[in-house]
Amino acid sequence: MGLVNANDTLPIHQKEFENGRPAWTSLSPEQQEEWINDMATYAAMIEIMNDGIGEVITATKEKGIYDNTIFFFMSDNGATSEGGFIAQLMADLDNTPYRSYKRWCFQGGTCAPFIVMYGDPQKNVLKGQFSDELSHIIDVMPTCLEMASAEYPKQFNNKKLRPTEGESLLPAIWNKKLSSRDLFFEHNTFCAIISDGWKLVRDDARNPWELIDLTNDPFEENDRAALYPQKIKELEGKWNKWAEQHNVFPFEYRPWTERINYYKSLNPDQSGKN
């Protein structure tokens, strides 16, 4: 399909399994059956979703708006390992060839499909092809605004709004290059920055950074931190500046459910009216 470079050697990730990655034959019959059933359920979900997308497209045609409609399809993150050992095996398979899972800022957690299709076939310059331009969820709003020839408001209900970040993806959709830029990530204290082919990433703010040469190591197998301490210092400085500007600090280390309950206790009114 062309999603992965034909010359790349597909990895066998061990770090997430503490160098004890299991073989299929090492699983018990019960574990094998659980994995088979869970994957079959997942496949059924995909089939139902596919049917639903077809119904949406059919509906736009019936309403006579198909040619004036743009369809976006995307996932919010990589597959999740939440749910135990078999769930981790499923996520590892689903995210192949990328490392790690939903929540983390490694490629397996942040790389997701994004499909754009115009109802007007004349506008689908890359029909049936892929763009390898690096993009981010923050680019969706600017893309929609440019497609609609609209401007993002500077205020709403007499309150000043933060300007949108990101860039329009229209150049990539039209098979052109996007401008070079740094991209930043943080989720549950998991942090990363991608800058000029390098990626600084860590699985917890209390753990040391890993430095990845994404150009030559797209699957994040080799940590180059010991070889390039100055690059770590440079990228960490950029990430810290971004984190300060976006109120990432102080880090919140409470587990997710505990965190929600804590902040609900501080703000019991969750109606969103105030």
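What comes next is a walk through the structure. Everything numeric in this text was worked out from a predicted model, so none of it was measured. (Residues numbered from 1 in each chain as written. Predicted model: local features only at pLDDT ≥ 70, side-chain atom pairs only at ≥ 80, totals over all residues. Heavy atoms only, no water.)

**Observations concerning the pattern of salt bridges**
When the charged atoms of two side chains lie near each other, side chains of opposite charge can form a pair. Rules: Salt bridges are identified by distance alone: a Lys or Arg side-chain nitrogen within 4 Å of an Asp or Glu carboxyl oxygen. Only runs of H or I of at least four residues qualify as helices and only runs of E of at least two qualify as strands under DSSP, and these elements are numbered from the N terminus. Here the term buried applies to any residue with accessible area under 20% of the maximum for its type, exposed to any over 50%, and partly exposed to those in between, with areas from a 1.4 Å probe on protein chains only.
Under the counting rule described, the total for this entry stands at 12 salt bridges. Between glutamate 234 and lysine 231 there is a salt bridge, and its shortest N-O distance comes to 3.2 Å. Separated by 3 residues within a single helix, glutamate 234 and lysine 231 lie in helix H6 (residues 229-245), roughly one turn from each other. Since its relative accessible area comes to 37%, glutamate 234 is described here as partly exposed. Where glutamate 252 meets arginine 254, a salt bridge forms, and the shortest distance between an N and an O atom there is 2.8 Å. A relative accessible area of 16% places glutamate 252 in the buried class. Residue arginine 254 is classed as partly exposed on the basis of its relative accessible area, which comes to 28%.

**A word on the pairing of strand S8 (residues 210-213)**
What counts, and what does not: The pairing criterion for strands is at least two bridges between them, as found by DSSP.
Burial of S8 is two-sided: the residues Glu210 and Ile212 facing one way and the residues Leu211 and Asp213 facing the other way are all buried. With 4 bridges connecting them, strand S7 (residues 198-202) and S8 associate as antiparallel partners. Bridging from a neighbouring strand, lysine 199 pairs with isoleucine 212 of S8.

**What to know about the state of the cysteines**
Stated precisely, the cut-off is as follows: Throughout, a disulfide means two cysteine sulfur atoms within 2.5 Å of one another.
One pass over the structure, following the stated rule, counts 0 disulfides. With no disulfide of its own, cysteine 111 has cysteine 105 as its nearest cysteine by sulfur position, at a separation of 11 Å. Taking relative accessible area as the criterion, cysteine 111 reaches 30% and is therefore assigned partly exposed.

**Quick look at a nonpolar patch on the surface**
Heads up, the condition is: Like-charged residues are merged into a patch within 9 Å and nonpolar side chains (Val, Leu, Ile, Met, Phe, Trp, Tyr) within 5 Å, provided each residue has over 30% relative accessible area and no salt bridge. All accessible-area figures derive from a Shrake-Rupley calculation using a 1.4 Å probe, and residue coverage is judged against the displayed protein chains alone.
On the surface, a nonpolar cluster with roughly 570 Å² of combined accessible area is contributed by Met1, Leu3, Val4, Leu10 and Phe130. With respect to the helices and strands, the residue leucine 3 is situated in the segment before helix H1 (29-62).

**Concerning the sheet that holds S8**
To keep things clear, this is the line we draw: Between N-to-C directions, angles cover 0 to 180 degrees, with each direction set by a line fitted to C-alpha atoms, over the stretch in contact for helices.
Across the sheet, which stays open at both edges, the 4 strands sit in the order S5-S6-S7-S8 with antiparallel pairing between neighbours. Strand pairing shows two members of the sheet lacking a second neighbour, strand S5 (183-187) and S8, which therefore form its edges. Recorded for the sheet is a direction-independent mean angle of 15° between the axes of neighbouring strands.

**Things to note about the side chain of arginine 202**
Counted only if it meets this: The contact criterion used is simple: two residues touch if any of their non-hydrogen atoms lie within 4.5 Å.
Turning to its location among the elements, arginine 202 is positioned in strand S7. When sequence neighbours within four positions are dropped, the list of residues in contact with arginine 202 reads Phe190, Cys191, Asn207, Pro208, Trp209, Trp239 and Phe251.

**Digging into the packing of aromatic side chains**
Filter applied, for reference: Here a pair means two rings of Phe, Tyr or Trp (six-membered ring of Trp) with centres within 6.5 Å. Their orientation is stacked below 30 degrees between planes, edge-to-face above 60, and tilted elsewhere.
Counted under the stated rule, the structure contains 16 aromatic pairs. Note on phenylalanine 184 and tryptophan 242: the rings are 5.3 Å apart at their centroids and 5° apart in plane angle, and the pair reads as stacked. With phenylalanine 184 in strand S5 and tryptophan 242 in helix H6, the pair connects residues that are 58 residues apart, well separated along the chain. The exposure classification of phenylalanine 184 matches that of tryptophan 242, with both residues buried. With a centroid separation of 5.2 Å and 90° between ring planes, the pair formed by phenylalanine 249 and phenylalanine 251 is classed as edge-to-face. Phenylalanine 249 sits in the partly exposed class, given a relative accessible area of 29%.

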